[in-house]
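What follows is the residue order along each chain.
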Amino acid sequence: MKTWLRSLAGRVTMVTAAVAVLAVLVTGTVGFPLIRAAAVEQARSELSRQADAFAVTPVASQALDLRERHLLGPADYELSAVSTDGTVSGAARPYLSADEIQRVLSGGKTSQTVNREGSTLLLEARGLKRGGAIVLTRSLADVYAASALVLQRTLLALAAGLLIAVLAGTLLARRMSRPLVRTAAAARRMAGGERGVQLVPAGVTEVRAVGEAVNTLDHALLASEGRQREFLLSVSHEIRTPLTAMRGYAEALEDGLVLAAADVAAVGRTLAAETDRLDVFVNDLLELARLEADDFAVETRPVEITALLHQVEETWRARAAQSGVRLQLIVPVPEQALMVLTDAQRLRQILDGLVENALRVTPQGKPLRLSARLESGGGQDVVAIDVRDNGPGLTAEDAAVAFDRGVLYRRYAGQRPVGSGLGLSIAARLAERLGATLTVELGEPPELPDSGTQVVDAIDGDCAPRVSDGVSAGACFCIRLPGVGGSGGSIFPRALVR
């Protein structure tokens, strides 16, 4: 019983019953006095009509009264007479004063409720044309007794309405709770690991919305777990490859198959490279785990983007030179203060990852460009940072899944240089934690007026598609952060290229 009372069906039934009882009580409290008052008014009206009839045709009315009493039994009123000298004969004698008798004999009429000696009566008196008067009286207790039957029937009707309301509330509660019970059962099946649970939404709009949300959650879990399985298979394969190589070289060293000093050095270099490869995978996995933690620390403070890009350029200049890639930094001239409120270390981590990816796919002799600009509009300035390579580029389909773990890796492994398949996913999660947006800007680089020099046009200063100097479109990744005080000025008309 307690479980039922705590359920939705039980509570809806109890609320419906409580409302019905309250309605019955209010109806009875207000309706019963109104019924009694209406009965009294109806009795007074009938008594008044009978008195008027006696006053107009006293003989005929008296004969009719005697006939009705003979056929139907005693009437519900008493008939009294007043003689011309004021003498009252009948039951009305104690209830009429001398003044009232004189008023009636003078041709007036009296209609009142009188209370004498604990008895309350309705009294109607009329004067006669030939002199004298008649008086009709009816006990108010008789009127109340007659109205009791109406009150009893009304009470029965209220009781029937209460019972019907409780039954209707019970049926309504069951109908409302049944889809929720099915939804809860489906949710428990999903919690138990079952997927593909197809729930047919039913019930009122809100309950249907819950069912649709559970279906959406089931589909999302199915897709997410599918991506996780694919990702784990991919990572396990990539980890197994360097482990197999390391095991093979280790067994060769153990069996004495590698004797020459040059061969030993080559084996050492191979083992170091495979160890580095494993280290990249492990570090990327740990970084993803840290990003998913609730206590991931972000220390925000004002950061000047131009200065940060100079640091990135200084760090990667030597690495780019070793790869034969021209690293170009494009900043405002004269340099503007592009200020943002962010975590400089985490933003630098995103930029380092994007530059590393760009170096991997940029051919020798081609430029890799870092640029910053101020985008105005929408009531707030936005600082945009572009990292553009000159590699094979990405399609619109690639851009849609670029930040999903391992998708581009599985798509292009063996076709172009790839990393661990986790770098872009890490960058996207970092950007989200920083309150920034990381997007893939499809298109070709801006047109270059001079060989090796890029100018960001004051009107078209993003990664708008144009081809010049034999440069391919490549891929452009853009980080956008809200600007803070100090990021004033329009998009720069010129650029400093290093």
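Rules used throughout
Residues numbered from 1 in each chain as written. Predicted model: local features only at pLDDT ≥ 70, side-chain atom pairs only at ≥ 80, totals over all residues. Heavy atoms only, no water. Helix = DSSP H or I, 4+ residues; strand = E, 2+ residues; numbered from the N terminus. Buried < 20%, exposed > 50% of the residue type's maximum accessible area, 1.4 Å probe, protein only. Contact = heavy atoms within 4.5 Å. Areas by Shrake-Rupley, 256 points an atom, 1.4 Å probe, with all protein chains shown as cover. Pairing = 2+ DSSP bridges. Expected span 1.5 Å × (residues − 1). Bend = angle between axes of the 7 residues up to and from the residue. Polar contact = N/O pair within 3.5 Å; in protein donor to acceptor, adjacent residues only side chain to side chain. Salt bridge = Lys/Arg side-chain N within 4 Å of Asp/Glu carboxyl O. Patch = residues over 30% accessible without salt bridge, like charges linked within 9 Å, V, L, I, M, F, W, Y side chains within 5 Å. Phe/Tyr/Trp six-rings, centres within 6.5 Å; stacked < 30°, edge-to-face > 60°. Lys NZ or Arg CZ within 6 Å of the ring centre and 35° of its normal.

A. Quick peek at the overall build of the protein. Each helix and strand in the protein was counted, giving 12 helices and 13 strands. Considering the protein as a whole, with its 498 residues, one finds that 37% of them fall into the buried category. Within the protein, counting contacts between residues at least 6 apart in sequence, those at least 24 apart form 68% of the total. As presented, the protein carries roughly 27400 Å² of accessible surface, and 58% of it is formed by carbon and sulfur atoms.

B. Spotlight on the pairing of strand 7 (residues 326-332). With 6 of its 7 residues buried, strand 7 lies for the most part within the structure. For strand 7 and strand 9 (residues 367-375), the ladder comprises 5 bridges, and the chain directions are parallel. Among the inter-strand pairings, glutamine 328 is bridged to a residue of strand 9, identified as arginine 369.

C. Focus on helix 5 (residues 140-191). The terminal C-alpha atoms of helix 5, which comprises 52 residues, lie 73 Å apart, in line with the 76 Å expected from a rise of 1.5 Å per residue. Of all the bends in helix 5, the greatest reaches close to 30° and is centred on serine 177; the proline proline 179 follows between one and four positions later. For helix 5, the N-terminal cap is serine 139; the gap from its side-chain oxygen to the backbone nitrogen of alanine 141 is 3.3 Å. A positive backbone phi angle near 105° is found at glycine 193, which sits one or two residues after helix 5.

D. The arrangement of the pattern of salt bridges in detail. Scanning the entire structure with this criterion turns up 14 salt bridges. Ionic pairing is found between arginine 373 and aspartate 386, a salt bridge with its closest N-O pair at 2.2 Å. Taken together, the positions of arginine 373 in strand 9 and aspartate 386 in strand 10 (residues 382-388) put the pair 13 residues apart, joining distant regions of the chain. Given a relative accessible area of 2%, arginine 373 falls into the buried group. Of the residues examined, aspartate 386 reaches a relative accessible area of 3% and is grouped as buried. Residue arginine 429 pairs with glutamate 432 through a salt bridge whose shortest N-O separation is 2.8 Å. Of this pair, arginine 429 and glutamate 432 both sit in helix 12 (residues 423-433), 3 residues apart, roughly one helical turn. It is possible to trace a salt-bridge network through shared partners that takes in Arg373, Glu375, Asp386, Glu441 and Arg480.

E. The environment of serine 80, seen in detail. By the secondary structure assignment, serine 80 is in strand 1 (residues 78-82). As for serine 80 and threonine 137, which are separated by 57 residues in sequence, their C-alpha atoms are 8.1 Å apart. Dropping the residues within four chain positions of it, serine 80 is found in contact with Ser89, Gly90, Ala91, Ala92, Ala133, Ile134 and Val135. One polar contact links the side chain of serine 80 to the main-chain amide nitrogen of alanine 92, over a distance of 3.1 Å.

F. Representation of a nonpolar patch on the surface. Taken together, Leu22, Val26, Val30 and Leu34 make up a surface patch of nonpolar side chains, about 380 Å² in accessible area. Topologically, valine 30 is positioned in helix 2 (residues 8-56).

G. Inspection of the packing of aromatic side chains at higher detail. Counting across every chain of the model gives 1 aromatic pair. Looking at arginine 36, its charged tip hangs above the ring of tyrosine 144, at a distance of 3.8 Å from the centre.

H. Region of interest: the side chain of glutamine 328. Here glutamine 328 lies in strand 7. A distance of 2.9 Å separates polar atoms of two side chains, one belonging to glutamine 328 and the other to arginine 369.

I. A look at helix 8 (residues 305-322). Across its 18 residues, helix 8 extends 26 Å between first and last C-alpha, which sits within 8% of the 26 Å expected from 1.5 Å per residue. If you look at helix 8, its biggest bend is around 45°, right at tryptophan 316. When helix 8 is considered as a whole, its buried residues turn out to be Ile305, Thr306, Leu308, Leu309, His310, Val312, Glu313, Trp316 and Ala320. With a side-chain oxygen positioned 3.3 Å from the backbone nitrogen of threonine 306, the residue opening helix 8 is glutamate 304. Following helix 8 by one or two positions, glycine 324 has its phi on the positive side, about 75°.

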